[in-house]
Amino acid sequence: MTPRPIIIDTDPGTDDAIAIWLALASPELEVLGISAVAGNVPLPLTERNARKVCELAKRPDMAVFAGCSRPMLRPLVTAEAFHGGSGLGGTDLPEPTMPLQPGHAVDWLVDTLMAAGDGEITLCPIGPLTNIAMAIVKEPRILSRIREIVLMGGGFFAGGNITPAAEFNIYCDPHAAHVVFNSGVRLTMMPLDVTHQARTSRERIAAVRAIGTPVGVAAAALMASHGKREAQDRDKDGGPLHDPCVIAYLLQPELFGGRHCNVRVNTASEATMGMTVVDWWGVTDGSKNCTVMNRIDADRYFALIVDRLARL
Ligand code: BDR
Ligand code: CA
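Residues numbered from 1 in each chain as written. Chains lettered and ligands numbered in written order. Predicted model: local features only at pLDDT ≥ 70, side-chain atom pairs only at ≥ 80, totals over all residues. Heavy atoms only, no water.

Considering the packing of helix α1 (residues 14-24) against helix α2 (residues 43-56)
Thinking step 1. At their nearest, the axes of α1 and α2 sit 10 Å apart, and the two run at 40° to each other. With respect to their mutual orientation, α1 and α2 come out oblique. As α1 packs across α2, the resulting crossing turns out to be right-handed. Touching Ala17, Ile20, Trp21 and Leu24 of α1 are Val53, Cys54 and Leu56, all from α2.
Thinking step 2. Residue classes in the contact of α1 with α2 are distributed as seven nonpolar, no polar and no charged. (Axes fitted to C-alpha atoms, helices over the stretch in contact; angles between N-to-C directions. Helix = DSSP H or I, 4+ residues; strand = E, 2+ residues; numbered from the N terminus. Parallel < 35°, antiparallel > 145°, perpendicular 65-115°, else oblique. Left-handed = near helix turned anticlockwise from the far one by under 90°. Contact = heavy atoms within 4.5 Å. Nonpolar A, V, L, I, M, F, W, Y, C, P; charged D, E, K, R; others polar.)

Put into structure tokens, the structure is as follows:
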């Protein structure tokens, strides 16, 4: 089977790191490169963290590009409370020796997509959507080259996690999200409604730690640190492991269930800024622009993560 070419757009980010490892460990996927964006922590940290993560997986050959250092219109909001000051929780991954690629991630996205055939490349944004939206605005012809965008972001029945109404990735750059959700490209969304069912537990973290490799040990530490604050906030034992849902969906779509509906991103009111308004019940005639997931088989999700991370 020819591996599916993907690009990961990311703000590592504890759960981003695990998503990157899951992709690098999976022969069904060919990671063409990684574009870093400002989000959980500022850009100089996210691009360096992306390189640390690749290097721990013995992939210093992976192309990592730095993209936008702030959202399109709003000031940058970060999430150190969830990801620690470094973006990788308390873990101490070695400093990367692999270089950052020259050039801007948005230019690389545009060039890579323009060089591809129609419907060839899948984009996997697991941070704010700034880089993706900027690429679409810069060169709209890239849209025909995109097979699908599978993103982590938003929430509807689950509410928000950074404000009562909004999920962090969409809240951080709601205008970029608006561009992506109105682009007409095939879109699949992993909102908090899914990721809040994908919670770590002592047993799930222990299974990852038991892999015993540097990646396994680091992934267990990241899972433990990521969960803490979000578990406390919701009075739960484990925290949601958001971003790997995007990669798991590409590997085993049958683990997820959802519905094709109209989704709009609110950019008009401050109280609900970045809210994803999902027309789950079809009460408007808005066009169905997104497949919104709301179910996951969490046991099989964590089993997949253990199976794959053990290969690195
Ligand atoms: C999303 O926000 C970030 O903090 C996580 O990495 C994830 O992408 C969850 O709301
Ligand atoms: Ca992220």
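Remarks on helix α7 (residues 174-181)
Three or four residues apart is the spacing at which side chains of an α-helix point the same way, because the helix has 3.6 residues per turn.
Thinking step 1. Turning to α7, its buried residues number three or more, namely Pro174, Ala176, Ala177, Val180 and Phe181. Mapping the buried residues of α7 onto a view down its axis gives an arc of 155°, with all of them on the same face.
Thinking step 2. Here the buried face of α7 lies against α5 (130-138), β5 (146-152), α6 (168-172), β6 (187-190), β8 (263-265) and β10 (290-296). (Buried < 20%, exposed > 50% of the residue type's maximum accessible area, 1.4 Å probe, protein only. Arc of directions from axis to C-beta.)

Remarks on the coordination of the calcium ion (ligand 2)
Thinking step 1. The protein atoms that coordinate the calcium ion (ligand 2) are Asp11 (OD), Asp16 (OD), Asp16 (OD), Ile126 (O) and Asp243 (OD), at distances spanning 2.2 to 2.6 Å.
Thinking step 2. Taken in sequence order, the residues that donate to the calcium ion (ligand 2) follow the motif D-x4-D-x109-I-x116-D. Taken as a pair, Asp11 in the loop between β1 (4-10) and α1 and Asp243 in the loop between α10 (214-233) and α11 (244-251) lie far apart in primary sequence, 232 residues in all.
Thinking step 3. Relative accessible area serves as the criterion here: at 0%, Asp11 is assigned to the buried category. (Donors = N, O, S within 2.8 Å, 3.2 Å for Na, K, Ca; no water.)

Quick word on the nonpolar core
Thinking step 1. Counting residues in hydrophobic clusters, the biggest one holds 57 residues, and the most contacted among them are Ile8, Trp21, Ile247, Phe256 and Tyr301.
Thinking step 2. Looking at this core, the element that brings in the most residues is α1, giving eight residues.
Thinking step 3. If we skip the residues at most four places from it in the chain, Ile247 touches Ile6, Ile8, Ala19, Leu22, Ala23, Leu29 and Cys124.
Thinking step 4. If you look at the next biggest cluster of nonpolar residues, it comprises 38 residues, including Cys68, Trp108, Ala135 and Ala176. (Core = buried A, V, L, I, M, F, W, Y, C linked by side-chain atoms within 4.5 Å.)

Describing the sheet that holds β6
Thinking step 1. Strands sit in the order β3-β2-β1-β4-β5-β6-β10-β7 across an open sheet of eight strands; the sheet is mixed. Both edges of this open sheet fall to β3 (64-66) and β7 (256-261), since each of them pairs with a single strand only. Between one strand axis and the next, the sheet turns by 25° as a mean value, whatever way the strands run.
Thinking step 2. Inspection of the sheet shows β5 paired to β6 by four bridges, in the parallel sense. (Pairing = 2+ DSSP bridges.)

Observations concerning the state of the cysteines
Thinking step 1. Scanning all chains against the criterion turns up zero disulfides.
Thinking step 2. No disulfide involves Cys245; its nearest neighbouring cysteine sulfur is the one of Cys124, lying 13 Å away.
Thinking step 3. Residue Cys290 stays outside any disulfide, its sulfur separated by 7.1 Å from that of Cys261, the closest cysteine.
Thinking step 4. A relative accessible area of 0% places Cys290 in the buried class. (Disulfide = S-S within 2.5 Å.)

Observations concerning the packing of α1 against helix α12 (residues 298-309)
Thinking step 1. Closest axis-to-axis distance for the α1/α12 pair is 9 Å, and the angle between their directions is 65°. Our pair here, α1 against α12, has a crossing hand that is left-handed. Between α1 and α12, the residues in contact are Ile18, Trp21 and Leu22 and Leu304, Ile305, Arg308 and Leu309, respectively.
Thinking step 2. Of the residues assigned to the contact of α1 with α12, the class counts are six nonpolar, no polar and one charged.

Details of the side chain of Arg199
Thinking step 1. Among the secondary structure elements, Arg199 is positioned in the loop between α8 (192-195) and α9 (202-209).
Thinking step 2. At 3.1 Å, the side chain of Arg199 and the backbone oxygen of His196 are in polar contact.
Thinking step 3. A distance of 2.8 Å separates the side chain of Arg199 from the backbone oxygen of Gly238, its partner in a polar contact. (Polar contact = N/O pair within 3.5 Å; in protein donor to acceptor, adjacent residues only side chain to side chain.)

Considerations on the site of ligand 1
Thinking step 1. The environment of ligand 1 is formed by Asp15, Asp16, Asn40, His83, Ile126, Met152, Asn161, Glu167, Phe168, Asn169, His242 and Asp243.
Thinking step 2. A distance of 3.0 Å is found between an oxygen atom of ligand 1 and a side-chain nitrogen or oxygen belonging to Asp16.
Thinking step 3. Here Ile126 contributes a backbone N or O atom positioned 3.1 Å from an oxygen atom of ligand 1.
Thinking step 4. Its free accessible area being 280 Å², ligand 1 has 97% of it covered by the protein chains. (Near = heavy atom within 4 Å. Areas by Shrake-Rupley, 256 points an atom, 1.4 Å probe, with all protein chains shown as cover.)

Overview of the pattern of salt bridges
Thinking step 1. Tallied over the entire structure, the rule returns 13 salt bridges.
Thinking step 2. Of the charged contacts, one joins Glu95 and Lys52 as a salt bridge, the two residues approaching to 3.6 Å between their closest N and O atoms. Placement of the pair is Glu95 in the loop between α3 (80-83) and α4 (105-114) and Lys52 in helix α2, with a sequence separation of 43 residues.
Thinking step 3. With a relative accessible area of 48%, Glu95 lands in the partly exposed category.
Thinking step 4. The buried category is assigned to Lys52, whose relative accessible area is 10%.
Thinking step 5. The closest approach of N and O atoms between Lys138 and Asp107, which form a salt bridge, is 2.5 Å. Placement of Lys138 in helix α5 and of Asp107 in helix α4 is noted, with a sequence separation of 31 residues between them.
Thinking step 6. According to the relative accessible area criterion, Asp107 is partly exposed, its value standing at 31%.
Thinking step 7. One continuous salt-bridge network, built from bridges that share partners, spans Glu28, Asp307, Arg308 and Arg311. (Salt bridge = Lys/Arg side-chain N within 4 Å of Asp/Glu carboxyl O.)

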